[in-house]
Amino acid sequence: MEINLSEQAIKWFENDFPLNEGEAIRFFGKTYGKTEVHEGFSLGMELADPEKTENILASTEINKRIYFISSEDDWFFNGYNLAISIDDVHKEPHYHFNPKD
């Protein structure tokens with residue numbers, strides 16, 4: 001599984017989520033909501049320490065910032081790569097679930 005961020009998404013996270021040393025951004029599945037491929041579930045994000053997270057499913061480091069998904073959320077991301085862009089209207093992240101090759 002891969003996590004990809006557009007240039008706009010990278011800038012949004014860098015501006016809106018300042019990180020302290022050891023912190024990273026974790027993406028996870030949560031109840032309620034809807035995604036392109038899930039009914040009744042949506043994507044959440046939180047500041048977390050990847051060093052304290054067991055079994056990381058996927059991660060990417062961009063500009064010394066880590067974005068990751070833990071294996072406990074495999075049920076939510078299974079079969080997909082996560083691509084993050086910025087919604088032009090709402091100016092917030094938009095999450096795309098692209099089938100893995």
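So, a few notes on the structure that sits alongside this text.

The phi angle at Asn 55 is positive, at roughly 55 degrees, despite the residue not being glycine. Phi at Lys 91 is positive, roughly 55 degrees, even though this residue is not glycine.

Tracing the backbone shows Ser 85 in strand E6 (residues 80-86). Separated by 2.9 Å, the side chains of Ser 85 and His 96 make a polar contact. Setting aside residues up to four positions removed in sequence, Ser 85 forms contacts with Ser 6, Ala 9, Glu 92, Pro 93, His 94 and His 96.

By volume, the largest pocket amounts to about 170 Å³. Along its surface, the largest pocket is lined by Lys 34, Thr 35, Glu 36, Ser 42, Leu 43, Pro 93, His 94, Tyr 95 and Phe 97. When residues of the lining of the largest pocket are traced back to their parent elements, those giving at least two are strand E3 (39-48) and strand E7 (93-99). Ranked by residue count, the leading element in the lining of the largest pocket is E7, at four residues. Here the lining of the largest pocket is composed, by residue class, of four nonpolar, three polar and two charged.

Another aspect to go through is the nonpolar core. Of all hydrophobic cores here, the largest spans 20 residues; its most connected members are Leu 5, Phe 13, Phe 27, Leu 82 and Ile 84. Elements that contribute at least two residues to this core include exactly strand E1 (3-5), helix H1 (7-16), strand E2 (24-34), strand E4 (56-62), strand E5 (65-70), helix H2 (74-77), E6 and E7. Here the element with the most residues in this core is H1; it accounts for four residues. Those residues in contact with Ile 84 that sit more than four places away from it in its chain are Ile 3, Asn 4, Leu 5, Ser 6, Ala 9, Phe 13, Phe 27, Pro 93, His 94 and Tyr 95.

This part covers the pattern of salt bridges. Opposite charge on two side chains makes pairing possible when the charged atoms of those side chains draw close. One pass over the full model with this rule turns up three salt bridges. With its nearest N and O atoms 2.6 Å apart, the salt bridge here joins Glu 46 to Arg 26. Of this pair, Glu 46 sits in strand E3 while Arg 26 sits in strand E2, and the two are 20 residues apart along the sequence. For Arg 26, the salt bridge goes to Asp 73, with nearest N and O atoms at 2.7 Å. With a gap of 47 residues between them, Arg 26 in strand E2 and Asp 73 in the loop between E5 and H2 connect regions that are remote in the sequence. Pair check on accessibility: Arg 26 and Asp 73 agree, each one buried.

About the cut-offs
Residues numbered from 1 in each chain as written. Predicted model: local features only at pLDDT ≥ 70, side-chain atom pairs only at ≥ 80, totals over all residues. Heavy atoms only, no water. Helix = DSSP H or I, 4+ residues; strand = E, 2+ residues; numbered from the N terminus. Polar contact = N/O pair within 3.5 Å; in protein donor to acceptor, adjacent residues only side chain to side chain. Contact = heavy atoms within 4.5 Å. 1 Å grid on protein atoms, 1.4 Å probe; cavity = no way out; pocket = protein on both sides within 12 Å on 5 of 7 lines; lining within 4 Å. Points joined across faces, edges and corners; volume = space filled by probe spheres on them. Nonpolar A, V, L, I, M, F, W, Y, C, P; charged D, E, K, R; others polar. Core = buried A, V, L, I, M, F, W, Y, C linked by side-chain atoms within 4.5 Å. Buried < 20%, exposed > 50% of the residue type's maximum accessible area, 1.4 Å probe, protein only. Salt bridge = Lys/Arg side-chain N within 4 Å of Asp/Glu carboxyl O.

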